[in-house]
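One-letter residues, chain by chain:
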Amino acid sequence: MTTIRKSLVLALGITMTALSVAACGGGGGSSSGGDIPAAAGPNEHVELTLATFTEFGYEALIPEYERLHPNIKITHRKTGQGGPYAQDMMTKLAAGAGLADVQAVEEGHLSDILAKSSKFYDLTQIGPADASADRWLPWKYDAGKDKNGKLIGYGTDIGPDAMCYRKDLLQQAGLPSDPASVKTMFATWDSYFAAGAQYAQKTGKAWFDSAAQNFNAMVNQLPVGYLDKSDKLTVESNQGIKDAWTKVTDAVAKGESAKLTAFSNEWNSGFRQSAFATKVCPAWMLGVVKEQAGPENAGKWAVTDAFPGGGGNWGGSYLTVPTQSKHPREAAALAAWLTAPEQQLKAFAAKGTFPSQVKALESPELLSTTDAYFGDAKVGELFAAQAKKVTQAQYKGPNDGQIQENVTAPALQAVEQGKSPAEGWQQLVDGAKKLAR
């Protein structure tokens, strides 16, 4: 999960109508209303720091904000990879110093930040009035709250799920390949894996890239994930997780998995080598497919709004204001402006970060976006519709992301390499218990 914002992920190369959107225009402290530093005067010089990782699409937006607010100077701290960024953020959070005034947090690490929500300001107290809940999709807004309802993050992008597939490989196996026909095949996880078994039997090749990639998407769809709202580990009692494990490992046994580790060199090469026929595709994954499959496979890949089990989301980030900030009101105003629909559309045009704001998702600019690599698919309209299928935010307890990345993925990889599903499941249970202590 920490790798979803690699630069190549966002190199979408999409065709989009020209945007003509007008811009709207540390120390310590607690987040209680009486202790919030007062806002600076209009002529008082304020220096703010903004920390992000990989590509948020803010390069042109920062000087625009400075032009609109002549008294504010912004220093952008941009880190190349999400993993080191998250480690640095947690170190500075524990030290009580060093965080930026506006600190980006990736979805995979949000649970760890929410567990330390006292170290962040409540944005409903310090943010501008127009940054209200109705700006965002409800599930995106709610995911930025701690268990007591304190809002610590303004939502940036999202990763609504769709399915990518190789039209030519499906045709060669005698399976439906046009977007309308594949909807039945991709309607449920049962139908998806059943088609995969048929594909593997006919071709002797893999249906999907990685068991862990599918399992992650399936767990994200559940009402309750690895931990419940009391932060109690649910793995052994959560029937949805057990069912997902059974379905995925059964598919592995039938030869449906290419047994590749996501984002490894072998996984990257697998796209060019036609090592698998289908791929779970959140919005940001389109850039990965194009980058790794290369121009020689343009037109062979397709994307459909059919996703097993309905809607799902994988990825996205938030902008927070740590209590270390000396200028929290100005920081919150900057974060609110960067996450406004107008700016989110500009970030999408620049780097492909898919918006989470209702007005942006309804804009003609986004809805008219197409992607030539995927046969001129209407990707803006497709992913906007997928985003609206998500009904609620799954609660992510402490170490949720680490369970997925450092426990579940290795356990599934072990099954792909020959360990029995029962042994792999026990590896998952034991590893999750250690992290949840």
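For the structure, see preceding data.
A brief structural summary. (Residues numbered from 1 in each chain as written. Predicted model: local features only at pLDDT ≥ 70, side-chain atom pairs only at ≥ 80, totals over all residues. Heavy atoms only, no water.)

This brings us to the overall build of the protein chain. The number of helices and strands found in the protein chain is 19 helices and eight strands. In terms of C-alpha radius of gyration, the protein chain reaches 22 Å, essentially the compact-globule figure of 22 Å for 437 residues. By its C-alpha atoms, the protein chain is 70 × 50 × 35 Å across when sized along the principal axes. Counting only residues that meet the buried cut, the protein chain has 57% of its 437 residues in that class. A total accessible area of about 16800 Å² is found for the protein chain, and carbon and sulfur atoms account for 50% of it. Separation of charge centres in the protein chain, based on 42 positive and 45 negative side chains, amounts to 2 Å. (Helix = DSSP H or I, 4+ residues; strand = E, 2+ residues; numbered from the N terminus. Rg over C-alpha atoms; globule rule 2.2 N^0.38 Å. Buried < 20%, exposed > 50% of the residue type's maximum accessible area, 1.4 Å probe, protein only. Areas by Shrake-Rupley, 256 points an atom, 1.4 Å probe, with all protein chains shown as cover. Lys, Arg positive; Asp, Glu negative; His and termini not counted. Charge placed at Lys NZ, Arg CZ, Asp CG, Glu CD.)

To continue, consider the pattern of salt bridges. Enumeration over the complete set of coordinates arrives at 17 salt bridges. R135 serves as the salt-bridge partner of D130, at 3.9 Å between the closest nitrogen and oxygen. What makes R135 buried here is its relative accessible area of 10%. Here D231 and K147 are joined by a salt bridge, their closest N and O atoms 2.8 Å apart. You can see D231 sitting in the loop between helix 9 (211-220) and helix 10 (239-253) and its partner K147 sitting in the loop between helix 5 (138-143) and strand 4 (154-166), a full 84 residues away along the chain. Owing to a relative accessible area of 48%, K147 belongs among the partly exposed residues under this scheme. (Salt bridge = Lys/Arg side-chain N within 4 Å of Asp/Glu carboxyl O.)

All right, on to helix 9 then. Counting buried residues in helix 9 gives ten out of ten residues, a clear majority hidden from the surface. By the burial criterion, the buried members of helix 9 are A211, A212, Q213, N214, F215, N216, A217, M218, V219 and N220. Its side-chain oxygen placed 3.2 Å from the backbone nitrogen of A212, S210 serves as the N-cap of helix 9. (Polar contact = N/O pair within 3.5 Å; in protein donor to acceptor, adjacent residues only side chain to side chain.)

A positive phi is found at D231, a non-glycine position, where the angle reads about 65°. Unlike most non-glycine residues, S274 shows phi in positive territory, near 55°. Inspection of the secondary structure assignment puts S274 in the loop between helix 11 (265-272) and strand 6 (276-282).

Moving on: the packing of aromatic side chains. Evaluated as defined, the whole model comprises 26 aromatic pairs. A ring pair is formed by F186 and Y192, whose centres lie 5.7 Å apart and whose planes are at 55°; its orientation type is tilted. Every member of this aromatic cluster is reached through a ring pair, and the members are Y165, F186, W189, Y192, F193, Y199, W207, F208 and F307. (Phe/Tyr/Trp six-rings, centres within 6.5 Å; stacked < 30°, edge-to-face > 60°.)

Grouped together as the largest cluster of nonpolar side chains are 83 residues, with contacts concentrated most on W207 and V303. Once residues lying within four places of it in the same chain are set aside, the contact partners of W207 are L170, L175, M185, F186, Y192, A195, G196, Y199, E256, F276, A277 and T278. Counting 44 residues, the second largest nonpolar core, distinct from the first, contains Y58, M89, V105 and Y141. (Core = buried A, V, L, I, M, F, W, Y, C linked by side-chain atoms within 4.5 Å. Contact = heavy atoms within 4.5 Å.)

Another point: the state of the cysteines. Under the counting rule described, the total for this entry stands at one disulfide. Here C164 is linked by a disulfide to C281, with a sulfur-sulfur distance of 2.2 Å. Measuring the twist about the S-S bond at about -110°, one finds the C164-C281 disulfide to be left-handed. Here C281 lies in strand 6 and C164 lies in strand 4, a separation of 117 residues in the sequence. (Disulfide = S-S within 2.5 Å.)

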